[in-house]
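As a plain string of letters, each chain reads:
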Amino acid sequence: MRLLPTLAAALTAAVSLSLVAAGPAQAKESDPPAPAPGTHLMLDIASAPPLSTIHAWQATSPYSAIAVYIPVNASVDDRHDKVQANLTAPGWVAAVRAGGWQVLPIYLGLQAPKKCGNAAFRHLSNKAAKAADQGRAAAEDAARSASALGISGVPIVYDMEAYASGCSKAMRSFYDAWTTRLHQLGQRSGIYGSRASTMTDVVALASHGQASPDVVWAATDWGVAQTASIDPLPAGSWAGKRMNQFNLSVSRHYGGVTMVIDESAVDDTVWDTTPPVTTLPSLPLTTKAAKVTFDWSASDGNGSGVASFQIRTKDGALGRSLGHWSKPKTLAHSVRKAKLARGEQWCAQVRATDRAGNTSGWSATRCTSRLADDRVLKADRSWHRAKAKGAYAHTTTVARHKHATLSTPGKIKARSIGILFHGTGKVLVKIGGHKVGTVSGHGQVWLRLTKVHHGRLQLITESKKKVAVDGIALLRQ
């Protein structure tokens, strides 16, 4: 990356130059240093090279990624020296990726307010609210530009050139809006700049409750290809999401072609291609409540971070077949509340998407059922209904006769039968006229079958001992 000479002269020595000074390159005949474990080498250059050059370097050089300047709205474009005749949509990007390199989009638009920068650039406002508007506009322009080139699943990096102190509030407002808007658009955010200005303000975002970029790219020019320790980034921050521009304006020769480039060490996980992993707790088989809260979690390891979730559900009335899966609904949070009718069975699956666009498969199915009260069952004359304060739904059905029969109004399908049961007697359970088991006990008792049975359900007392039924659940699993 290159600064205009006028800007380089204007900034104090305390401000790290993140771009290469114009003019003859500093020749470095040797290969670049080997990258630290967990990182790899990336080059960047003002103008995208022709594919013939890219392919020659892909075959012989140690690099595995290239950063390129994507088109910017002409009214805010501050990369005056780039000539992007080769950066065609979407052929160039596709061809580079097919050759084994990643492509990182750089967006260089408005720079620091005039108070802190130089007249050579177009400037952001020094008012925080206006700077935020400009950050959102830049994010929208950058997302459109990257999409038109066929670039997806990688961070879009804002190139913010070195600036002097005195504009931190406006700069943080801009960075916050840039990242927030990109996230709203389903993109990952990155910010590039000097350690003394850009990175210092980026580090301060979190302490001001503002959005931090997914990836940081620090200009150091210190000749060491590592990302683990970069002042002023706190230890452990942006773990796996760092880039270090350690060499500026070096001449390299590979495959018979020479280019003057900048070199960076890049954490391997910046190019996240692994979907998140979802974790779901078990739901209770039954509930008495009218509302159920279903929550889950997802992790993305050292990847780009979880961005959103989708949930799909299906349900069915007591003893009925579950319907088809609903249309997936996108959620920002890992929780869903559902309202259940008595006797309704409800099932859900979730999946997660990270900021790189990787989506996990649908999770295992989790189901629960709200108990139906005893009134859903038809009772013969040997049973009587009673109000009971302590019973489910304050109602119960009681029998003290042998062969008293409760039955469902129609045919059901069930593999598990749960009954809110009280008394000392036993109840014979039939489905479709066939005995499937007996139940007794106190509280919620379960009869689990080896397969799904179909037919009318009957509960038949086996003696004159007291039996009371408060509720029932019929599950397919």
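Preceding this paragraph is the structure being described.
Okay, so let's go over this structure. (Residues numbered from 1 in each chain as written. Predicted model: local features only at pLDDT ≥ 70, side-chain atom pairs only at ≥ 80, totals over all residues. Heavy atoms only, no water.)

### Structural notes on the packing of aromatic side chains
Move 1: For the structure on display, the rule yields twelve aromatic pairs.
Move 2: Taking the centre distance of 6.1 Å and the plane angle of 85 degrees together, the rings of Tyr-63 and Tyr-254 count as edge-to-face. Placement of the pair is Tyr-63 in strand E5 (residues 63–69) and Tyr-254 in strand E10 (residues 242–254), with a sequence separation of 191 residues. Each member of the pair, Tyr-63 as well as Tyr-254, carries the same accessibility label: buried.
Move 3: Ring geometry for Phe-294 against Trp-296: centres 5.3 Å apart, planes inclined by 45 degrees, an arrangement best described as tilted. Trp-296 carries the same exposure label as Phe-294, and that label is buried.
Move 4: Members of the aromatic cluster, connected to one another through ring pairs, are Tyr-107, Tyr-158, Phe-174, Tyr-175 and Trp-178. (Phe/Tyr/Trp six-rings, centres within 6.5 Å; stacked < 30°, edge-to-face > 60°. Helix = DSSP H or I, 4+ residues; strand = E, 2+ residues; numbered from the N terminus. Buried < 20%, exposed > 50% of the residue type's maximum accessible area, 1.4 Å probe, protein only.)

### Concerning the sheet that holds strand E13 (residues 286–287)
Move 1: Across the sheet, five strands lie side by side as E13-E20-E19-E16-E17; this open sheet has mixed pairing. Each edge of the sheet is formed by a strand with only one pairing partner; in this case those strands are E13 and strand E17 (329–331). (Pairing = 2+ DSSP bridges.)

### Some words on the environment of Leu-108
Move 1: Position of Leu-108 among the secondary structure elements: in the loop between strand E6 (102–107) and helix H4 (128–148).
Move 2: When the C-alpha atoms of Leu-108 and Ser-52 are compared, they prove to be 26 Å apart, with 56 residues separating the residues in sequence.
Move 3: Residues within four places of Leu-108 in sequence aside, it is in contact with Tyr-69, Val-72, Val-76, Asp-77, Asp-78, Arg-79, Asp-159 and Glu-161. (Contact = heavy atoms within 4.5 Å.)

### Here we look at the environment of Ile-151
Move 1: As for its placement among the helices and strands, Ile-151 is situated in the loop between H4 and strand E7 (155–159).
Move 2: Between the alpha carbons of Ile-151 and Ile-417 there is a distance of 53 Å; along the sequence they are 266 residues apart.
Move 3: Discounting chain neighbours no more than four positions away, the residues touching Ile-151 are Ile-70, Val-93, Arg-97, Val-103, Pro-105 and Ala-146.

### Focus on the side chain of Lys-82
Move 1: Note that Lys-82 resides in the loop between E5 and helix H3 (91–98).
Move 2: With relative accessibility at 15%, the residue Lys-82 sits in the buried group.
Move 3: Looking at Lys-82, its side chain comes within polar contact range of the side chain of Asp-77, at 2.6 Å.
Move 4: Other than its neighbours up to four places away in sequence, Lys-82 contacts Ala-46, Ser-47, Tyr-69, Ile-70 and Asp-77. (Polar contact = N/O pair within 3.5 Å; in protein donor to acceptor, adjacent residues only side chain to side chain.)

### A word on H4
Move 1: Under the 1.5 Å per step criterion, the end-to-end length of H4 is 30 Å for 21 residues, consistent within 8% with the ideal 30 Å.
Move 2: Looking at the buried residues of H4, the elements they touch are E6, E7 and helix H5 (168–184).
Move 3: Of the residues one or two after H4, Gly-150 is the one with positive phi, at around 80 degrees. (Expected span 1.5 Å × (residues − 1).)

### A word on the state of the cysteines
Move 1: Inspection of every chain in the model, using the stated rule, returns two disulfides.
Move 2: Bridging Cys-116 to Cys-167, the disulfide has an S-S length of 1.8 Å. Residues Cys-116 and Cys-167 are joined through a disulfide that is right-handed, its torsion about the S-S bond being 90 degrees. One end of the pair, Cys-116, is in the loop between E6 and H4; the other, Cys-167, is in the loop between E7 and H5, and 51 residues separate them in sequence.
Move 3: Looking at Cys-116, the relative accessible area reads 1%, which means it is buried.
Move 4: Judged by relative accessible area, which is 2%, Cys-167 ranks as buried.
Move 5: The disulfide that involves Cys-347 links it to Cys-367, with 2.0 Å between the sulfurs. Since a negative S-S torsion denotes a left-handed disulfide, the Cys-347-Cys-367 link at about 110 degrees is right-handed. Taken together, the residues span a long stretch of sequence, with Cys-347 in strand E19 (residues 345–354) and Cys-367 in strand E20 (residues 366–370) at a distance of 20 residues.
Move 6: We classify Cys-347 as buried; its relative accessible area is 1%. (Disulfide = S-S within 2.5 Å.)

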